[in-house]
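Residue-level structure breakdown
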Amino acid sequence: MAITPVMGGHEPGAVERAAALLRAGQLVAFPTETVYGLGANAFDAAAVAKIFEAKERPPDNPLIVHVADIAGARAVAAAFPPLAERAAAALWPGSLTMVLPRGPKVPDIVAAGGPTVAVRVPAHPVAWVLLRVFGRPIAAPSANLSGRPSPTQASHVLADLDGRVALILDSGPTSVGLESTVVDMTRPRPLLLRRGGVTIERLRQVLGPVDVLDEQDPKAVLRSPGLRHRHYAPKAMVELVAEGEGEAAAARAIAAGQKVALIVRRTVSSPALVRKLANTPEGFARALFTTLRELDELDVERIVIESLPETGLGAAIMDRLRRAAQG
Ligand code: TXA
Ligand code: MG
């Protein structure tokens, strides 16, 4: 039996109740178009501390501050450079998070003590109404236990955080299924820190040249603290193979006595547990984290996944798959 109450995001009174809990310093999980977030009043350091505790999140990993509009973003940033203005006009509300100089109202704990703050205007109607009704910024990481795949359904939040969050607003599966794109806007040329819902092609259309963080650089973690930590991993071992090589890889693992699942985008014949996802990056992204969690529940030991072309959203998907395969 679940301890944490779950209310439909559109149920009468649900958003008002969520806002009241946030005002009381409690945690509320809410839908965004990317993944579900675990929210607290961004100006209340004690409330934000509960996020780190509930998720078992390392304190050196800063949070994204969600705001209702550009005015809200200005209120948490110490500066809003012209390029940020342009990105906001073109891509907000949406799956873009901008790292900006931190404003004085943002407590240390939100920014992990750093000089910058990550800000996003989400595109989900329930998130937006919640931000309006609450009337303040909401600090929120993905609403999973640290190291687990991000939640794309309320049931995922419940599985990870039941009893650790005061309320879950349920609006069904999220439409993007991957986290937001994170871009550092504090430099003369924007720097992509995390691939996500907004593609780099789209970013470059809007902003011109965008650099991509070199994760091999030992100093990369200073700019993107999330890199320090294990991410996106199901419990099963993940093996990433080229398209067309899934059946053979699954057969090898089955011969070695493992319980194996195979994630593909085509029809295959294999004794493994086969999950055929959409052959578009958008459809694949929507189903990916749900599929990984479902296979974990079936106690699969190895998940073989066929690679996707790295264009558009495919690049963000491959980023997550590589991290899962390292886990
Ligand atoms: O789609 C999303 O971004 C979801 C929804 C809920 O908005 N949130 C999310 O949050 O994925 P989280 O905490 O799981 O991932 C945020 C990432 C982390 O990798 C963190 O290191 C990075 O953003 N980040 C946050 N603040 C930062 C900052 N000031 N500088 C650089 N990176 C930052
Ligand atoms: Mg996360």
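Quick summary incoming for the structure in this document. (Residues numbered from 1 in each chain as written. Chains lettered and ligands numbered in written order. Predicted model: local features only at pLDDT ≥ 70, side-chain atom pairs only at ≥ 80, totals over all residues. Heavy atoms only, no water.)

Another point: helix α10 (residues 246–255). Restricting attention to buried positions, one finds in α10 the residues Gly246, Ala249, Ala250 and Ala253. Viewed end-on, α10 has its buried residues packed into an arc of 100°, placing them on one side of the element. Opposite the packed face of α10, turned more than 90 degrees from it, sit the exposed residues Arg252 and Ala255. Those residues of α10 that are buried are in contact with β12 (237–241), β13 (260–264) and β15 (302–306). Gly257 sits one or two positions beyond α10 and adopts a positive phi of about 90°. (Buried < 20%, exposed > 50% of the residue type's maximum accessible area, 1.4 Å probe, protein only. Helix = DSSP H or I, 4+ residues; strand = E, 2+ residues; numbered from the N terminus. Arc of directions from axis to C-beta. Contact = heavy atoms within 4.5 Å.)

Time to look at unusual backbone geometry. Here the bond from Trp92 into Pro93 is cis, since omega is -10°, no more than 30 degrees from zero. The topology assignment puts Pro93 in the loop between α4 (82–91) and β5 (96–101). Phi at Ala112 takes a positive value of approximately 50°, unusual for a residue other than glycine. Inspection of the secondary structure puts Ala112 in the loop between α5 (108–111) and β6 (116–120). On the accessibility criterion, Ala112 (31% relative accessible area) is partly exposed.

Taken in spatial order, the 11 strands line up as β1-β8-β2-β3-β7-β4-β6-β5-β9-β10-β11 in an open sheet, and their pairing is mixed. Two strands close off the open sheet at either side, each with one partner strand: β1 (6–8) and β11 (211–212). Two strands pair when backbone bridges link them, and strand β10 (residues 191–194) and β11 are joined in this way by two bridges, in the parallel orientation. Paired with Leu192 across the bridge in β11 is Val212. (Pairing = 2+ DSSP bridges.)

Quick look at the pattern of salt bridges now. The full count for this structure, using the stated rule, is 21 salt bridges. As a salt-bridge pair, Arg74 and Glu85 come within 2.7 Å of each other at their nearest N and O atoms. Remark: Glu85 occurs in helix α4 and Arg74 occurs in helix α3 (residues 70–76); sequence separation between them is 11 residues. Residues Arg293 and Asp160 are paired through a salt bridge, measuring 2.9 Å at the closest nitrogen-oxygen approach. Taken together, the residues Arg293 in helix α11 (residues 281–297) and Asp160 in helix α7 (residues 154–161) connect sequence positions 133 residues apart. (Salt bridge = Lys/Arg side-chain N within 4 Å of Asp/Glu carboxyl O.)

Turning next to empty space enclosed by the protein. Inspection of every chain in the model, using the stated rule, returns one cavity of 30 Å³ or more. Size it by volume and the largest cavity reaches roughly 60 Å³. Around the largest cavity sit Thr181, Leu192, Arg195, Gly196, Val198, Thr199, Ile200, Gly312, Leu313, Ala315 and Ala316, which together line it. Ranked by residue count, the leading element in the lining of the largest cavity is helix α12 (residues 313–326), at three residues. Counted by class, the lining of the largest cavity contains six nonpolar, four polar and one charged residues. (1 Å grid on protein atoms, 1.4 Å probe; cavity = no way out; pocket = protein on both sides within 12 Å on 5 of 7 lines; lining within 4 Å. Points joined across faces, edges and corners; volume = space filled by probe spheres on them. Nonpolar A, V, L, I, M, F, W, Y, C, P; charged D, E, K, R; others polar.)

A few words now on the packing of helix α1 (residues 14–23) against helix α6 (residues 125–134). Where α1 meets α6, the axes come as close as 9 Å, and the angle between the chain directions of the two elements is 55°. By the criterion of interaxial angle, the relationship of α1 to α6 is oblique. By crossing handedness, the relation of α1 to α6 is classed as right-handed. Where α1 approaches α6, its residues Val15, Glu16, Ala18, Ala19, Leu22 and Arg23 are matched on the opposing element by Val126, Val129, Leu130, Val133 and Phe134. Residue composition of the contact of α1 with α6, by class: nine nonpolar, no polar and two charged. (Axes fitted to C-alpha atoms, helices over the stretch in contact; angles between N-to-C directions. Parallel < 35°, antiparallel > 145°, perpendicular 65-115°, else oblique. Left-handed = near helix turned anticlockwise from the far one by under 90°.)

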